[in-house]
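Structural features, examined
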Protein chains: 2
Amino acid sequence: MSAVRSRRNPINPASNTAAEQRVECRKCALFRICLPKNVDSKDLAALDAIIIRHKPASRGQFLYKSGDRFAAIYAVRSGSVKTYRSDDQGNEQICGFHLPGEMIGLDGIVGNRSTSSARFLDTAAVCEIPYHKLEDLLLQIPQLQQELTRLLSREIVVGQWQLSLLGRKKADERVAALLCNIADRLQQRGYSPSDFNLPMSRADIGNFLGLTIETVSRVLSRFQKERLIQVTGKRITLLAPAELRRLAAHDSLH
Amino acid sequence: MSAVRSRRNPINPASNTAAEQRVECRKCALFRICLPKNVDSKDLAALDAIIIRHKPASRGQFLYKSGDRFAAIYAVRSGSVKTYRSDDQGNEQICGFHLPGEMIGLDGIVGNRSTSSARFLDTAAVCEIPYHKLEDLLLQIPQLQQELTRLLSREIVVGQWQLSLLGRKKADERVAALLCNIADRLQQRGYSPSDFNLPMSRADIGNFLGLTIETVSRVLSRFQKERLIQVTGKRITLLAPAELRRLAAHDSLH
DNA sequence: CGGGGGGTTGATGAGTGTCAATACCTGTGG
DNA sequence: CCACAGGTATTGACACTCATCAACCCCCCG
């Protein structure tokens, strides 16, 4: 067990000392897109005060596990995280790859335990927002309330997008859609949308897209052969983003 | 255009007159599972007052359409509703089938317009909850706030379930999973879990499950041949629910 | 009686999963 | 610095699931 929870956490014993952890929300590079973006500056201190800013942890670490008692939601601060749910037999279905500025753990609210697990894809750091404290603030800060609700709603919309990905698209369309989606999200965050690292393994991609490793690999190779992308391991360069987008938008069934 | 919105609605001109529409939440059969279930009785009147109880409308009617300005969320009161999103080319991906007591329209919150459309699968009635009025109440009724948040979170969990359905399961497992899921939800609502009507067409089932009509039909026929179910048109009888459940839980990939 | 929509069943082939062999990459220890 | 091991990715051959196309049935409605 190697969870990065606030209490009883061996790798992060001194949560409030390291300088890095002093970065207030308003000074955080992700402020514009993160939970507190619409909170009045007068209320920001209160929110800031409940947030636990974790140090970076390494690839493979668990942030939380399916079945864990729900205690907090998390914002990715750096690196990337995958969330997945596993069934009785231990099989996994990846639910999402999460980049800096995105919130995770929202599925735990309803049942008081998480239905999914979260693991770091690379060296990554999160901000932990204890939920019972957040609930108190929601009552006092309407904008925060509103922003949380929007966040949840957005998560639903993303889920719908994923449904049409898995329900209606062929292998190459799925891969193209994922590449475009990641490119878009990177661009929102100020990174290059045409040249980036895929933080996850081929197995993760395949799992997320409902494909096998081999199919993912073949599609990427074909895209490369067709001069749509340049692949070198995890490094991806989009050579023909427009064409990829066309592919991604295509609806193959029926 | 035949939307059942509160304003400018031809089929429902007198929203506040029909006796049927006087059923208060606390007297509604769905009270235990619907939005107001945890609201204090003292606060219930205020919530009751903003709810618009629509008369039943007939199969095929739109409740809202993708792109509509977001103004309300809806609770299904009777009948059933499908929600779906459609892409540029007009192709649809069904996002869910919704039974009495379930809320829909939550995806519209984030962008101020709905990303999906909703249509009645049979004669169905909804309660409309104007969102700007609901927002006012959220500030005054913490339990309502909490319940809405849980609702949104539940929706996310349901989405994750659907992901594993489409991502990891074979045709027969998907069909079995859908049958079991509907059976469960009917049971929660006090109906027979082993003998029910599928309100949606085979095309809808196929679309939802990422399969073709023909495959759905074949799987149902095979299930019947194997004495797992009894099919007569839309009428389904589960003969071996345990075996169906085993199938539904099975994870085929890898 | 005819027409049309929805559902079933059959034949066939495309797309992707499966299995297997090989290459590559990364970190570890000598 | 190199060798090695273990995981990760690529590529190929084959099999199987499910989509496609087509014919037909059934039932409801005009």
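Residues numbered from 1 in each chain as written. Chains lettered and ligands numbered in written order. Predicted model: local features only at pLDDT ≥ 70, side-chain atom pairs only at ≥ 80, totals over all residues. Heavy atoms only, no water.

Some details on the sheet that holds strand 9 (residues 195-197) of chain A
All names here are of chain A. Heads up, the rule is: Here, a strand pair is defined by DSSP locating no fewer than two bridges between the strands. Strands here mean DSSP runs of E at least two residues long; helices mean DSSP runs of H or I at least four residues long; both are numbered from the N terminus. To get an axis, a line is fitted to the C-alpha atoms, and for a helix only the part in contact is used. The angle between two axes follows their N-to-C directions and goes from 0 to 180 degrees.
Spatially, three strands are ordered 9-11-10 in an open sheet, and the strand pairing comes out antiparallel. At either margin of the open sheet sits one strand with a lone partner, and together these are strand 9 and strand 10 (229-232). Direction aside, the axes of adjacent strands within the sheet are offset by 15° on average. Two strands pair when backbone bridges link them, and strand 9 and strand 11 (residues 235-238) are joined in this way by three bridges, in the antiparallel orientation. Directly across from D195, in strand 11, lies its bridge partner T237.

Considering the packing of helix 4 (residues 171-188) of chain A against helix 6 (residues 213-225) of chain A
Residues and elements named next belong to chain A. Note the cut-off: Orientation is classified from the angle alone, with under 35 degrees giving roughly parallel, over 145 giving roughly antiparallel, 65 to 115 giving roughly perpendicular, and any other angle giving oblique. Note on contacts: a residue pair qualifies if any of its non-hydrogen atoms lie within 4.5 Å across the two residues. Side-chain classes follow a simple rule in which Ala, Val, Leu, Ile, Met, Phe, Trp, Tyr, Cys and Pro form the nonpolar group, Asp, Glu, Lys and Arg form the charged group, and the remainder, Gly included, forms the polar group.
It is at 10 Å that the axes of helix 4 and helix 6 come closest, and there the two elements cross at 75°. On the basis of the axis angle, helix 4 is roughly perpendicular to helix 6. Contact with helix 4, carried on its side by A171, D172, V175, A176 and L179, involves T215, V219, L220, R222 and F223 of helix 6 and no other residues of that element. Per-class residue counts for the contact of helix 4 with helix 6 are seven nonpolar, one polar and two charged.

Looking at the pairing of strand 7 (residues 117-120) of chain B
All names here are of chain B. Direction of pairing for strand 2 (residues 62-64) relative to strand 7: antiparallel, over a ladder of two bridges. Bridging from a neighbouring strand, Y64 pairs with A118 of strand 7. With four bridges joining them, strand 4 (residues 81-86) and strand 7 adopt antiparallel strand pairing. Each residue of the ladder has a partner; that of Y84, found in strand 7, is S117.

Description of the domain arrangement of chain A
Often, the extent of an interface is quoted as the loss of accessible area on bringing the components together. All names here are of chain A. Going by this rule: What counts as a domain boundary in this text is fixed by an automatic or database domain assignment. By buried area we mean the combined loss of accessible area, with a 1.4 Å probe, across both parts when two parts are placed together. Just to be clear on terms, a salt bridge is a Lys or Arg side-chain nitrogen sitting within 4 Å of an Asp or Glu carboxyl oxygen. Side-chain atoms alone can form a polar contact between residues adjacent in sequence; in general such a contact is a pair of N or O atoms within 3.5 Å, and within protein one must be able to donate a hydrogen while the other accepts it.
Splitting chain A by domain gives domain 1 (4-164) and domain 2 (170-248). A C-alpha centroid distance of 26 Å is found between domain 1 and domain 2. Opposite the 20 residues of domain 1 that make contact, domain 2 presents 13 residues. Across the interface of domain 1 and domain 2, roughly 1400 Å² is buried in total on both sides, 59% from carbon and sulfur atoms. Of all residues in domain 1, F97, L99 and W161 bury the most surface against domain 2, accounting for 42% of the area lost on that side. Summed over the shared surface of domain 1 and domain 2, the result is three salt bridges. Linking domain 1 with domain 2 are eight residue pairs in polar contact (both at pLDDT 80 or more), by the criterion used here. Elements represented by at least two residues in the side of domain 1 that touches domain 2 include exactly strand 5 (92-98) and helix 3 (142-168). Of the residues forming the side of domain 1 that touches domain 2, the biggest block, seven residues, is contributed by strand 5. Split by residue class, the side of domain 1 that touches domain 2 holds eight nonpolar, six polar and six charged.

As for the sheet that holds strand 5 of chain A
Residues and elements named next belong to chain A. Taking strand neighbours across the sheet as the criterion, the four strands line up as 2-7-4-5 in an open arrangement whose pairing is antiparallel. Every other strand in the sheet has two partners, leaving strand 2 (62-64) and strand 5 as the edge strands with one partner each. Within this sheet the neighbouring strands show an average axis-to-axis angle of 30°, counted without direction. As paired strands, strand 4 (residues 81-86) and strand 5 are joined by six bridges and run antiparallel to one another. In the strand pairing of strand 5, R85 is matched with Q93.

Side note on the protein's contact with DNA strand C
Basically, it comes down to this: For this purpose, a residue is taken to be near a molecule or strand whenever a single non-hydrogen atom of the residue falls within 4 Å of it.
Within the structure, DNA strand C sits among 17 residues, and A:T215, B:R202, B:S217, B:R218 and B:S221 are positioned closest to it. Each atom of DNA strand C within 4 Å of the protein was classed as base or backbone; sugar and phosphate made up 64%. The contact in question runs from a phosphate oxygen of DNA strand C to an N or O atom on the backbone of A:G210, over 3.4 Å. Between DNA strand C and A:T215 there is a distance of 2.5 Å, counted from a phosphate oxygen to a side-chain nitrogen or oxygen. Listed by contribution, the elements that provide at least two residues to the surface near DNA strand C are helix 6 of chain A together with helix 6 (213-225) of chain B. Looking at the surface near DNA strand C, the element that brings in the most residues is helix 6 of chain B, giving five residues. Of the residues that constitute the surface near DNA strand C, the class distribution is three nonpolar, seven polar and seven charged.

What to know about the relation of the copies chain A and chain B
Under the convention used in this document: The atoms used to superpose the copies are C-alpha atoms, taken from residues with pLDDT of at least 70 in both, and the fit is least squares.
Take chain A, turn it by 180°, move it 0.0 Å along the axis, and it overlays chain B with an RMSD of 0.0 Å. In short, the pair behaves as if placed about a two-fold rotation axis. When the interface residues of chain A are mapped onto chain B, 100% of them are again interface residues, pointing to one common binding face.

Description of the protein's contact with DNA strand D
The full set close to DNA strand D counts 18 residues, and A:S217, A:R218, A:S221, B:A171 and B:T215 are the nearest of them. Protein-adjacent atoms of DNA strand D, using a 4 Å cutoff, are sugar or phosphate at a proportion of 67%. B:E214 places a side-chain nitrogen or oxygen 3.1 Å from a base nitrogen of DNA strand D. Residue B:T215 places a side-chain N or O atom 2.5 Å away from a phosphate oxygen belonging to DNA strand D. Counting residues per element, the ones that place at least two in the surface near DNA strand D are helix 6 of chain A together with helix 6 of chain B. Considering every element that reaches the surface near DNA strand D, the biggest residue donor is helix 6 of chain A, with five residues. By residue class, the composition of the surface near DNA strand D is three nonpolar, seven polar and eight charged.

As for the packing of helix 3 of chain A against helix 4 of chain A
Residue and element names in this part refer to chain A. The criterion, for reference: Crossing chirality is assigned from the near helix's rotation relative to the far helix, an anticlockwise turn below a right angle marking it left-handed and a clockwise turn marking it right-handed.
Running from N to C, helix 3 and helix 4 point in directions that differ by 155°, and their axes come no closer than 9 Å. Taken together, the axes of helix 3 and helix 4 are roughly antiparallel relative to one another. Seen from above, helix 3 lies across helix 4 with left-handed handedness. Side by side, helix 3 and helix 4 meet where W161, L165, L166 and R168 of the first sit next to E173, R174, A177 and N181 of the second. Residues that form the contact of helix 3 with helix 4 fall into these classes: four nonpolar, one polar and three charged.

Some words on the packing of aromatic side chains
Residues and elements named next belong to chain A. Put simply, the rule is: Geometry of aromatic contacts follows a simple scheme: Phe, Tyr and Trp rings, the Trp one being its six-membered ring, pair when their centres are within 6.5 Å, and the pair is stacked under 30 degrees between planes, edge-to-face over 60, tilted otherwise. A simple rule labels every residue: compare its accessible area, found with a 1.4 Å probe on the protein chains alone, to the largest value its type can have, and call it buried under 20%, exposed over 50%, or partly exposed in between. The rule is short: NZ of Lys or CZ of Arg within 6 Å of the ring centre and within 35 degrees of the ring normal puts a charge over the ring.
Applying the stated criterion to the full structure yields six aromatic pairs over all chains. Where Y64 meets Y74, the ring centres are 5.8 Å apart and the plane angle is 20°; that geometry is what we call stacked. Within this pair, whereas Y64 is found in strand 2, its partner Y74 is found in strand 3 (residues 72-78), the two being separated by ten residues in sequence. On the basis of relative accessible area, Y74 is assigned to the buried category, the value being 1%. With a centroid separation of 5.0 Å and an interplanar angle of 50°, the aromatic rings of F97 and F208 are classed as tilted. Note that F97 is positioned in strand 5 and F208 in helix 5 (residues 202-209), a separation of 111 residues in sequence. The residues F97 and F208 share a single accessibility class, namely buried. A cation over an aromatic ring shows up here: K65 above the ring of F62, its NZ or CZ 4.3 Å from the ring centre. Over the ring of Y84 we find K82; its NZ or CZ atom is 5.3 Å from the centre of that ring.

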